[in-house]
Structures are given as C-alpha cells and as structure tokens.
Amino acid sequence: MIFGEALRMAMGNLWSHRMRSMLTILGVIIGVGSVLAVVTLGASFEESIVGQFDSIDQKTVYVYSSVTSLGGGPPDCQQFCNIFTDVDRAALANLTGVDRVTVSVDVPATSLSWQGHDLTYERLTATVPESDEVRVPDDYASGGPFVLGQPQVILGSTIAELIALSGSPEGTDLADVEALQSGDAIDIRFPDGRVVNATVAGIFKQDTTFFGDRNTRVYVPVDPFYNTTRPSPQTGAESRVYAGFTVIAGSVRDVEDVRDEADAYIQERSDARLLKIEGQDLSVDTASDIQGQISAVFSQVTLFIGAIGGVSLLVGAIGIANIMLVSVTERTREIGVMKAIGAKDREILTLFLLEAILIGLVGSLFGIALGFAGGAGVVKGVFAGEDVPLVISYEWLGYSVAVGLGVGVVAGFLPARRATKIQPIQALAYE
C-alpha cells in the first residue's frame, strides 16, 4: 500500500462518517483556537503596555522601594514608601553623568472649585517643573509648566472638562458651558479643611495612549503643596521624603554607569538605607529592566491561561481516541480483508494513524483561523478605543500545527496499534 493510497482511504473513511469526524475535529478547533486567542490578546496587551516605555527616554533610571515581605510591593508599598529624602535627591543629582533628578508624590485633596463649579477630587500629583510629566511645552493645549514655590496647578484635559461641566444639568454639552482656561483661579480644598487658591498654569492636550492617565491627573509643584518631612539621618535637618526618584542621565551611553552609581549610593550611603524597615528593598532599574520584568510577567500569565485552554485539547484528544477505537471496531472485517490480501501491520497502522493525524491537522488549521479571528475581534472590537495594537505571534502557528499533529498521533496510536493485532481469520468471521 503506497502512502497516497493510504491517504485517500483515510480521507474517504473520515468523509463517510463526516458528522462524527466534524464533532471530533471541533474539540481540536476549540482547544487550539482558545489558546491562540489568549496568546494574541496577551501579546497585544503586552505590546501596548511595554510600548509605553518606548516613548520614555532611554536615559531614564528609576529609584524606588518595595516591601514584598509585608504583602506590598511596587508600585504600592503602602505607608512605608516615603524613605528617600531631599538629601538623597541632591546626592543623586551630583553623580557623574546625571542630568537631573525628578520626584512625583501623591497629595490628598477633597475637591476642586472654579466659578461655582465644584468637583470632588481626592488626589493631586506633586512634582517638579523639570519632570517629564509636565515640562514638555507641546503637551499643553494652553499654558505651560508651573513654577516651583508658586500655588499653581496643571490640569488634565478630562479634569478641565469635568470642572466646567460640574453642577450643570445632565446631558449638558461641553460646547454649551464656559471652558476653563489657563490663567484662571481655582480653589483646592484639602482634608484638613484648608483651601488654597491656585492659578491654572496649563491644561494638557488629550492623552491618547493606552493608559491615558494624564487626562484625569492634576499636577501641582512639590513646593508649596507637599510638606511631608522626616529628619535626615545624615544631616539631622527636616527633609521632604519621597517614594522614589526618576534619574535622567545626560546621554544614553551614560545610563548604565548612572544606574550602577545610583545603586551604589542608595545601597551604601543614602538616607533611605537607614530609614527603610526590615524586609524593605531598595531598587534601581532602567526602563529596559522594567520592560523585561513586564514581559516576563505577561509570558507567565499567557502560559498559565493558555494551559487552561489546553484542557480543550485534552478533550479533543479523548475524542480522537474514541472515534478511532469505534472505527477499529466497526471496520474489523475490513481489516481482516486487507490482511488476507497481503496488507502488512505497518500499513494498517499507517492507515489508522493517518485518519487521526488528519483530524488533528484539520482541527489545528481551523483552530488557528478561529483563534486569530477571536483575538483580533476582542482587540479591535472591545478595545477599539484603547489604542491597543493587534500583535500576532507567528511562532504560535508552528506550535499549533505541531500540537494538532501531536494530538492526532498520540490519541490515534493505541487504536491504530490495536487494529494491527487483529487476526485475519477472526476478523473475517466478525459480525
């Protein structure tokens, strides 16, 4: 029996029982499709999140702490975050190759008020004018960065709209109300009852990135809005404390040296090393380091969820084994006839293995189409407005075909081997 003849016979038998074959193939389709859909969705989200770091200057180094032993960790290390002082900031700024050191810290608030419009708002972001979050003039729809030491604010585009619309009847359009402008004065109310009258230094353009969190942020200068201090272990004077710093190297070629020098200072000479609690870690990472960490997490999550989808493949394998066992039983007389006219055991084995492999192959091919279509549908449909790119993991094409063939071979081998053990005399007498 030549291979072409065996293939023709295998296809003919599957077609003669097409309903049963289709239901078995469906199990493989669902298994492969669900895994590929998850992989496509995971790869798209990973690219979207990691891609945010592409816009970050590769000269950036992050200094932060984490308290993993107490159940916290970056970016939330609970109340134990603020251990880096202005003394540390000044020391880092003086390291060789460092251009600037910026800070960002949350300041509790209760509301923002403008011309009788009152908006509940609970958290301001205090930073410095040289921070990349606020320093780029092209990011503003109007106005620009604030001045350190002045009661000024910078508003995200959504916040500016919400303040203007607050107190208006439901359904009021933004075009029908007076717009908030840079140069206007707003009142910021704090939990302790204080009210600070601040000038709007600038209003951001709409942020269209995946996170888009700048749209709903209110930025203020560290001085005078942030006043949490602790005594510096090195100087003894009161110093503002922060959860971490963003260190900007003078050039890309300096970033590795800056990271190493910053890490040496933080671990060996900083205030933070003396203020940290037991179990708290001090970390210094570049944007590339964080990208690698995010990618590793996504890979683990995708693998885990893909393994869950692999349960469907197990069901498909059981289905293939079942249909092949039934086929061997139904075709006992046919097997006897083939053996009586000279068919060898390996030819019988090849015939039945081909049927199982065809089921796995067809199922994997349709599963690939279903998986990519499903993943693309979610990315381009559900997340159409979130600027999530569609990323297709082409290496999974080969994996899917290999899995389909593997499922067919594994599930079909024992039934096929059973077919080779049938004795011709008994098979011909089988009813």
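It should be emphasised that the depicted structure is a prediction, and the values quoted were computed from it without experimental measurement.

About the criteria used
- All chains use their own residue numbering, which begins from 1 and follows the written sequence.
- Local features in this predicted model are restricted to residues of pLDDT 70 or higher, and side-chain atom pairs are both shown and tallied only at a pLDDT of 80 or more, whereas totals for entire chains, interfaces and linings draw on every residue.
- Side-chain descriptors were evaluated using all non-hydrogen atoms of the structure, hydrogens and water having been removed beforehand.
- Counting from the N terminus, the helices are DSSP H or I runs at least four residues long and the strands are E runs at least two residues long.
- Between buried and exposed lies partly exposed: a residue is buried under 20% and exposed over 50% of the maximum accessible area for its type, with that area taken using a 1.4 Å probe on protein chains only.
- The contact definition used throughout considers only heavy atoms, calling two residues in contact when any of these lie within 4.5 Å.
- Computed by Shrake-Rupley with a 1.4 Å probe, the accessible areas treat only the displayed protein chains as cover when residues are assessed.
- One bridge is not enough; two strands pair if DSSP finds at least two bridges between them.
- A fitted line through C-alpha atoms serves as each axis, taken over the contacting stretch for helices, and the angle formed by two N-to-C directions is quoted from 0 to 180°.
- We score Asp and Glu as negative and Lys and Arg as positive, and we do not count His or the chain ends.
- We define a salt bridge as a side-chain nitrogen of Lys or Arg found within 4 Å of a carboxyl oxygen belonging to Asp or Glu.
- Arc, as used here, means the arc of the directions from the helix axis to the C-beta atoms.
- Here a polar contact is taken to be a pair of N or O atoms separated by no more than 3.5 Å, where protein atoms must pair a possible hydrogen donor with a possible acceptor and residues adjacent in sequence count only if both atoms sit in side chains.
- Aromatic pairs are defined between Phe, Tyr and Trp rings, using the six-membered ring for Trp, whenever the two ring centres lie within 6.5 Å; interplanar angles under 30 degrees are classed as stacked, those over 60 as edge-to-face, and all others as tilted.
- To define a nonpolar core, start from buried Ala, Val, Leu, Ile, Met, Phe, Trp, Tyr and Cys residues and group those joined through side-chain atoms within 4.5 Å.
- The pLDDT value tells you how sure the predictor is about a given residue, anywhere from 0 up to 100.

This paragraph deals with the overall build of the chain. Across its full length, the chain carries 12 helices and 16 strands. Counting the 431 residues in the chain, one finds 45% classified as buried. The contacts of the chain with a sequence gap of at least 6 include a subset with a gap of at least 24, amounting to 75%. As displayed, the chain offers around 21200 Å² of accessible surface, 58% of which is attributable to carbon and sulfur atoms.

As a further point, take the sheet that holds strand β14 (residues 238-242). The sheet built from 3 strands is open, its strands ordered β2-β14-β13 with antiparallel pairing. Every other strand in the sheet has two partners, leaving β2 (84-85) and β13 (229-231) as the edge strands with one partner each. When β13 meets β14, the two strands line up antiparallel, connected through 3 bridges. Among the inter-strand pairings, Pro-231 is bridged to a residue of β14, identified as Glu-238.

Another point: the sheet that holds strand β16 (residues 281-286). Strand order in the open sheet formed by 4 strands is β3-β15-β1-β16, with antiparallel pairing between adjacent strands. The sheet is open, and its two borders are formed by β3 (98-102) and β16, each paired with just one other strand. Averaged over all pairs of adjacent strands, the angle between their axes in this sheet comes to 20 degrees, without regard to strand direction. Bridging between strand β1 (residues 60-66) and β16 involves 6 bridges; their strand directions are antiparallel. Bridge pairing links Val-61 to Thr-286 in β16. Against the sheet, helix α3 (residues 86-93) contacts β1, β3 and β15 (244-249), and its axis sits at roughly 160 degrees relative to β3.

We now examine the side chain of Asp-88. Within the secondary structure, Asp-88 is located in helix α3. Summary of buried charges: Asp-88 has no salt-bridge partner, and the nearest side chain of opposite charge, Arg-273, is 7.8 Å away. Ignoring anything within four residues of it in the chain, the contact list for Asp-88 reads Ile-83, Gln-234, Phe-245, Tyr-265, Ser-270, Asp-271 and Ala-272.

This part is about α3. Restricting attention to buried positions, one finds in α3 the residues Asp-88, Arg-89 and Leu-92. Around the axis of α3, the buried residues are gathered within 100 degrees of arc, so they sit on the same side. Among the structural elements, β1, β2, β3, β15, α6 (255-268) and α7 (271-275) are those in contact with the buried residues of α3. For α3, the capping residue at the N-terminal end is Thr-85, with a side-chain oxygen 3.2 Å from the backbone nitrogen of Val-87.

By the secondary structure assignment, Gln-152 is in strand β9 (residues 152-155). On the basis of relative accessible area, Gln-152 is assigned to the buried category, the value being 17%. Here Val-147 takes part through its backbone nitrogen, which lies 2.8 Å from a polar atom of the side chain of Gln-152. With sequence-adjacent residues up to four places away left out, Gln-152 is seen in contact with Phe-146, Val-147, Ala-198, Thr-199, Ala-201, Tyr-219, Val-220, Pro-221 and Phe-225.

What follows concerns the pattern of salt bridges. Here the structure, examined in full by the defined rule, presents 10 salt bridges. When the shortest N-O distance is used, the salt bridge between Asp-99 and Arg-100 registers 2.8 Å. By relative accessible area, Arg-100 is classed as buried at 15%. Across the pair Arg-217 and Glu-133 runs a salt bridge whose closest N-O atoms are separated by 3.5 Å. Residue Arg-217 is found in the loop between β11 (195-204) and β12 (218-221), and its partner Glu-133 is found in the loop between β7 (123-127) and β8 (140-143); the two are separated by 84 residues along the sequence. Salt bridges sharing common partners tie together Asp-99, Arg-100, Asp-132 and Arg-135.

Summed over the entire model, instances satisfying the criterion amount to 6 aromatic pairs. Geometrically, the ring pair formed by Phe-190 and Phe-225 is tilted, given 6.3 Å between the ring centres and 40 degrees between the ring planes. Of this pair, Phe-190 sits in the loop between β10 (185-189) and β11 while Phe-225 sits in helix α5 (residues 222-225), placing them 35 residues apart in sequence. Of the two residues, Phe-190 and Phe-225, both sit in the buried class. Ring centres of Tyr-226 and Tyr-242 lie 5.8 Å apart, and the angle between their planes is 35 degrees; this geometry places the pair in the tilted category. In this pair, Tyr-226 is assigned in the loop between α5 and β13 and Tyr-242 in strand β14, connecting sequence segments 16 residues apart. An identical accessibility class is assigned to Tyr-226 and Tyr-242; each is buried.

Bringing the nonpolar core into the picture now. Ranked by size, the top nonpolar core spans 53 residues in total, and within it Leu-92, Leu-124, Val-153, Leu-155, Ile-188, Phe-245 and Val-247 carry the most contacts. Here the element with the most residues in this core is α6; it accounts for 5 residues. Beyond its immediate sequence surroundings of up to four residues, Ile-188 is in contact with Ala-109, Ser-111, Leu-112, Leu-124, Val-153, Arg-194, Val-195, Val-196, Ala-198 and Phe-225. Within the second largest apolar cluster, 27 residues are counted, among which are Ile-323, Ile-359, Phe-372 and Ala-411.

Now for the confidence of the model for the chain. The share of residues in the chain with pLDDT of 70 or more is 84%, and the mean pLDDT across the chain is 81. Element-level mean pLDDT values for the chain span from 61 in helix α12 (residues 424-428) up to 97 in β9.

Moving on to the environment of Glu-256. Within the fold, Glu-256 resides in helix α6. Its relative accessible area of 38% is what places Glu-256 among the partly exposed residues. Put simply, Glu-256 and Lys-59 are 197 residues apart on the chain and 8.9 Å apart in space, counted from C-alpha to C-alpha. For Glu-256, the side chain forms a polar contact with the side chain of Arg-259, separated by 2.5 Å.

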